[in-house]
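Descriptive structure summary
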Amino acid sequence: MAVDDLGVMTSTGIAGLRPFWPSDYSGLIVRHLMRHPGLCRGRHVLDLGTGSGVLAGTALQLGATDVVATDLDPDALHLAEDRLARIAPEARVQLGQGAMWDAVESDLRFDLVLANLPNFPAEQLQSGSRAAFWSVGGEDGRKVLDPFLAGLPKRLRQGGSAVFTQNRCVGLRMTLDRLAEAGCGARVVETALVPVGPDKLAALSRISHEPEGLIEMAGFVFLEVVLVVVESEGPERRSISGREKTA
Ligand SMILES: C[S@@+](CC[C@H](N)C(=O)[O-])C[C@H]1O[C@@H](n2cnc3c(N)ncnc32)[C@H](O)[C@@H]1O
């Protein structure tokens, strides 16, 4: 392992595999967890679509007792496993390969679910490359997001939370309504603008559920990304700061 002065792991220790680098969107989740460490401390956490392992690793570093990390991509899981073992050798880490909830044992429920799943509205992007399943969310951007939302409520423990990102243009209202119908409280706690580079711009679908989430400024295009915090219903419900609420 190469660790530089900032504590960055620059190699993986796994021959033939280049490290995955965290998505820009994951940074919003990392910052939220750092501001509210009570969400992770002593908690049972799921990172769905772990990729680089950054969200599972953050949860462990902030005191999660055990983490389940899943992904479609076996290379991502090999590398995430290696990273998580170095961050918290004593922690209980379980990995699951497969699509969405199929990769999570059916009886598992979590205090905290983290997800930064593909929801870029495009049919395909650099076919054959990692980008195809890293970012692409289908024509309306909801191909992966909708199954995530459908399965989420029953995977949260009473008082549990989820923190995830999505592009506003793929339908933030739709997302919040679906969660409300399932009995979950959900709100946007942060937003950011992410520039869309030339490759993605060429692939961007014309469908936009919320056009105000697609911003043109100074000759560039930006997507507005939102950070959504979900709270399950229940008497032991915690506030989004991670502190216990008194009844
Ligand atoms: C935008 S990347 C972000 C990953 C991670 N949060 C990070 O920043 O490194 C999305 C991840 O979801 C995974 N993924 C895509 N579709 C999936 C699915 N249906 N089920 C599980 N994982 C999926 C991809 O392989 C990729 O690792």
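Parameters and conventions
- Residue positions are counted from 1 within each chain, in the order its sequence is given.
- Where totals are concerned, whole chains, interfaces and linings use all residues; where local detail is concerned, this predicted model gives features only for residues with pLDDT of at least 70, and gives and counts side-chain atom pairs only at 80 or more.
- By definition, any uninterrupted DSSP run of H or I lasting at least four residues is a helix, any uninterrupted run of E lasting at least two residues is a strand, and each is numbered from the N terminus.
- Our exposure labels follow a C-beta count within 10 Å of each residue's own C-beta, placed from the backbone: buried means 20 or more other C-beta atoms, exposed means 12 or fewer, and partly exposed covers the counts in between.
- Once C-beta atoms are placed from the backbone, any two residues with those atoms within 7 Å are in contact.
- All residues are tested the same way: a C-beta atom is placed from the backbone, and lying within 6 Å of a molecule or strand makes the residue near it.
- Following the grouping adopted for this structure description, the nonpolar residues are Ala, Val, Leu, Ile, Met, Phe, Trp, Tyr, Cys and Pro, the charged ones are Asp, Glu, Lys and Arg, and the polar ones are all others, Gly among them.
- Comment: axis = line fitted to C-alpha atoms, over the contacting stretch for helices; angle = value between 0 and 180 degrees taken between N-to-C directions.
- When describing relative orientation, an angle under 35 degrees is termed roughly parallel and one over 145 degrees roughly antiparallel, while 65 to 115 degrees is termed roughly perpendicular and anything else oblique.
- One nonpolar core equals one set of buried Ala, Val, Leu, Ile, Met, Phe, Trp, Tyr and Cys residues connected by C-beta atoms within 7 Å.
- Strands are treated as partners if at least two bridges between them are detected by DSSP.
- For any helix crossing, the convention is left-handed if the near helix is rotated counterclockwise from the far helix by under a right angle, and right-handed if that rotation is clockwise.
- A helix is expected to span 1.5 Å for every residue after the first.
- Think of the arc as the fan of directions from the helix axis to the C-beta atoms.

This paragraph deals with the overall build of the protein chain. Counting its regular elements, the protein chain contains 7 helices and 8 strands. Burial statistics for the protein chain: of 247 residues in total, 41% are counted as buried. Across the protein chain, every contact between residues at least 6 apart in sequence was considered, and the portion connecting residues at least 24 apart equals 71%.

Moving on: the site of the ligand. Around the ligand there are 24 residues in total, and Ser 23, Ser 26, Gly 49, Gly 51 and Ser 52 lie nearest to it. Elements with a contribution of two residues or more to the shell around the ligand: α2 (54-61), β2 (66-71) and α4 (131-134). Taken together, the residues of the shell around the ligand break down into 13 nonpolar, 9 polar and 2 charged.

Now for unusual backbone geometry. Backbone geometry places Met 100, a non-glycine residue, at a positive phi of 45°. Mapped onto the elements, Met 100 comes out in the loop between β3 (92-97) and β4 (110-115). Of note in this structure, Ala 218 is not a glycine but carries a positive phi near 55°. Structurally, the position occupied by Ala 218 is in the loop between β7 (214-217) and β8 (220-231).

Here we come to the packing of helix α1 (residues 24-35) against α2. The packing of two helices is summarised by the inter-axis angle and the distance between the axes. α2 packs onto α1 with a crossing angle of 10° between their chain directions and a minimal axis gap of 10 Å. Between α1 and α2, the crossing angle belongs to the class labelled roughly parallel. Contacts between α1 and α2 involve Ser 26, Ile 29, Val 30 and Leu 33 from the former and Val 54, Leu 55, Thr 58 and Ala 59 from the latter. Tallied by class, residues from the contact of α1 with α2 come to 6 nonpolar, 2 polar and no charged.

On to the nonpolar core, then. Membership of the largest hydrophobic core comes to 58 residues, with the highest contact counts inside it found for Val 45, Ala 59, Val 67, Val 113 and Leu 114. Looking at this core, the element that brings in the most residues is β8, giving 7 residues. When residues no more than four places from it in sequence are discounted, the contact partners of Val 67 are Val 45, Asp 47, Ala 56, Ala 59, Leu 60, Leu 84, Ala 91 and Val 93.

Take the environment of Phe 120 next. You can see Phe 120 is positioned in the loop between β4 and α4. Sequence-wise, Phe 120 and Val 170 are 50 residues apart; in three dimensions their C-alpha atoms are separated by 8.0 Å. Not counting residues within four places of it along the chain, the set of residues in contact with Phe 120 comprises Ser 135, Val 136, Gly 137, Gly 141, Asn 167 and Lys 200.

With that out of the way, let us pick up α2. Each α-helix turn comprises 3.6 residues. Residues three or four places apart therefore point the same way. Burial analysis of α2 places 7 of its 8 residues in the buried class, the great majority of the element. Residues of α2 that are buried include every one of Val 54, Leu 55, Ala 56, Gly 57, Thr 58, Ala 59 and Leu 60, and no others. Along its buried surface, α2 packs onto α1, β1 (44-48), β2, α3 (74-87) and β4. At the C-terminal side of α2, Gly 63 shows a positive phi close to 105°.

Let us now look at the environment of Asp 140. Inspection of the secondary structure puts Asp 140 in the loop between α4 and α5 (145-151). Apart from the residues lying within four places of it in its own chain, the contact partners of Asp 140 are Pro 121, Val 170 and Ile 207.

Turning our attention to the pairing of strand β5 (residues 156-167). Counting buried positions over the 12 residues of β5 gives 9, a clear majority of the element. Bridge count for β4 against β5 is 5 bridges, and the pairing is parallel. Within β5, the residue paired with Val 113 across the bridge is Ala 162.

Another aspect to go through is the packing of α2 against α3. Remark: α2 packs on α3, axes separated minimally by 10 Å, with the N-to-C direction vectors making an angle of 15°. Here α2 lies roughly parallel to α3, going by the angle between them. Handedness of the α2/α3 crossing: right-handed. Contact with α2, carried on its side by Ala 56, Gly 57, Leu 60 and Gln 61, involves Ala 80, Arg 83, Leu 84 and Ile 87 of α3 and no other residues of that element. In terms of residue class, the contact of α2 with α3 is built from 5 nonpolar, 2 polar and 1 charged.

This part is about α1. Counted at 1.5 Å a residue, the expected span for α1 with its 12 residues is 16 Å, and the 18 Å between its end C-alpha atoms agrees. Those residues of α1 that sit buried are Tyr 25, Ser 26, Leu 28, Ile 29 and Leu 33. Buried residues in α1, looked at end-on, bunch into an arc of 150°, giving them a common side. Residues of α1 that are buried sit in contact with α2, β4, β5, β6 (185-195) and β8.

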